[in-house]
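# Examination of the molecular architecture
So the chains spell out like this:
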Amino acid sequence: MAAVIIDGKAFAAKVRAQVGAAVTALKAQGITPGLAVVLVGEDPASQVYVRNKHRQTIEVGMNSFEHRLPAETPEADLLALIAQLNADTAVDGILVQLPLPAHLNAELVINAIDPTKDVDGFHIDNVGKLVTGQKSMVPCTPLGSLMLLRDSLGDLNGLEAVVIGRSNIVGKPMANLLLQQGCTVTIAHSRTRDLPAVVRRADIVVAAVGRPEMVKGEWLKPGATVIDVGINRIQPAGADKAKLVGDCDFDSCAAVAGAITPVPGGVGPMTIACLLANTLTATCRRHGLPEPVGLTA
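Residues numbered from 1 in each chain as written. Predicted model: local features only at pLDDT ≥ 70, side-chain atom pairs only at ≥ 80, totals over all residues. Heavy atoms only, no water.

### Notes on the layout of surface pockets
Defined as follows: As defined here, a cavity is a set of points on a 1 Å grid over the protein atoms alone where a 1.4 Å probe fits but cannot get out. A pocket is an open set with protein on both sides within 12 Å along at least five of seven lines, and residues line them when an atom is within 4 Å of a point. Grid points are joined across faces, edges and corners, and a volume is the space filled by probe spheres set on the points. A run of DSSP states H or I qualifies as a helix once it reaches four residues; a run of E qualifies as a strand once it reaches two. Both are numbered from the N-terminal end. Under the scheme applied here, ten amino acids are nonpolar (Ala, Val, Leu, Ile, Met, Phe, Trp, Tyr, Cys and Pro), four are charged (Asp, Glu, Lys and Arg), and all others, including Gly, are polar.
Of the volumes computed, that of the largest pocket is approximately 1,600 Å³. Around the largest pocket, the lining comprises 47 residues; the ones closest to its centre are Tyr49, Thr141, Ile231, Gly268 and Thr271. For the lining of the largest pocket, the leading source of residues is helix α2 (residues 44-59), giving eight residues. Taken together, the residues that form the lining of the largest pocket break down as 25 nonpolar, 13 polar and nine charged. Approximately 480 Å³ is the volume attributed to the second largest pocket. Elements with a contribution of two residues or more to the lining of the second largest pocket: α4 (106-111), α5 (124-131) and α7 (171-180).

### As for the sheet that holds strand β2 (residues 34-40)
Formally: By the convention used here, strands pair only if DSSP detects at least 2 bridges between them. A fitted line through C-alpha atoms serves as each axis, taken over the contacting stretch for helices, and the angle formed by two N-to-C directions is quoted from 0 to 180°.
Strand order in the open sheet formed by three strands is β3-β2-β4, with parallel pairing between adjacent strands. At either margin of the open sheet sits one strand with a lone partner, and together these are β3 (63-69) and β4 (93-96). Ignoring strand direction, the axes of neighbouring strands in this sheet form an average angle of 15 degrees.

### Some remarks on the pairing of strand β5 (residues 160-164)
Quick reminder of the rule: Here's how the labels work: a residue is buried when its accessible area is under 20% of the maximum for its type, exposed when over 50%, partly exposed in between, all with a 1.4 Å probe on protein chains only. By the criterion used throughout, a crossover qualifies as right-handed when its path from the first strand across the helix to the second strand runs clockwise, the strands pointing away from the viewer.
For β5, the buried fraction is high: four of the five residues fall into the buried class. Where β5 and strand β6 (residues 184-188) come together, five bridges link them in parallel fashion. Paired with Glu160 across the strands is Thr184, a residue of β6. Regarding topology, α7 serves as the crossover connection from β5 to the parallel β6, and that connection is right-handed. Pairing between β5 and strand β7 (residues 204-207): four bridges, direction parallel. By the bridge assignment for β7, Val163 is matched with Val206.

Dropping the structure here:
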């Protein structure tokens with residue numbers, strides 16, 4: 001039996017609609033959430049991301065503040081801008097687009113953001129709170145992946161999960177979110193011994209290793225739910241155009257899995273939707289209002 005395809009694009013549209021409705025209600029109370037995005041340099045992929053974030057922020061009724069800085073911007077100037085945004089009462093969320101130019105210290109920059117406005121969830125305060133099970137801002141891609149899992153499986157308590165990838169952006173926070181849901185969690189990676197055998201135990205597989213089509217169908221436990229976070233551009237032999245693929249070999253995995261996210265159209269659309277959800281959450285927390293139901297971890 002072929003796997004159920006988890007439609008991240010459709011689910012992200014539902015999230016944005018829920019965010020939009022909540023923003024409308026906040027505006028009736030005189031509160032308009034504001035998201036500030038800082039882009040340093042002219043990385044083409046980053047420019048596309050920032051443009052999409054701006055468009056979707058406006059569409060849900062939030063204020064969008066863009067700050068585009070030259071690639072050679074001194075670190076002191078960037079930190080001064082962040083301090084300005086931290087103090088700005090019109091700004092509820094701050095995102096500094098990564099990667100930064102090589103002369104800028106990304107850790108220093110991220111940790112300069114007010115943790116309550118850190119809608120990427122990368123500040124060390126938010127990382128520490130997530131690991132210890134406290135209320136935090138949660139990184140967008142893991143949060144979106146968790147939403148898709150909860151929608152597909154309902155209660156995750158007691159399920160065995162394998163997260164392939166140990167990055168600070170996806171792998172580690174994803175593992176901690178699954179632990180909080182009551183899963184038994186293994187963090188695996190490219191150097192894990194007998195990785196297929198480890199993956200084969202899992203009811204939930206989250207592939208976030210950054211290697212195109214690495215996970216094969218024969219690695220999976222029949223009926224497993226697969227969340228493919230990978231976005232890899234490859235050039236198939238004889239093809240005129242490159243194509244996007246995930247970290248899973250989709251066809252072979254879909255033949256074994258119970259449910260799977262496609263690439264594109266799976267986790268990707270959830271990332272910006274969860275950025276908007278995080279901005280809404282930050283706004284509600286700042287004003288002492290109830291947090292939106294279903295949009296946080």
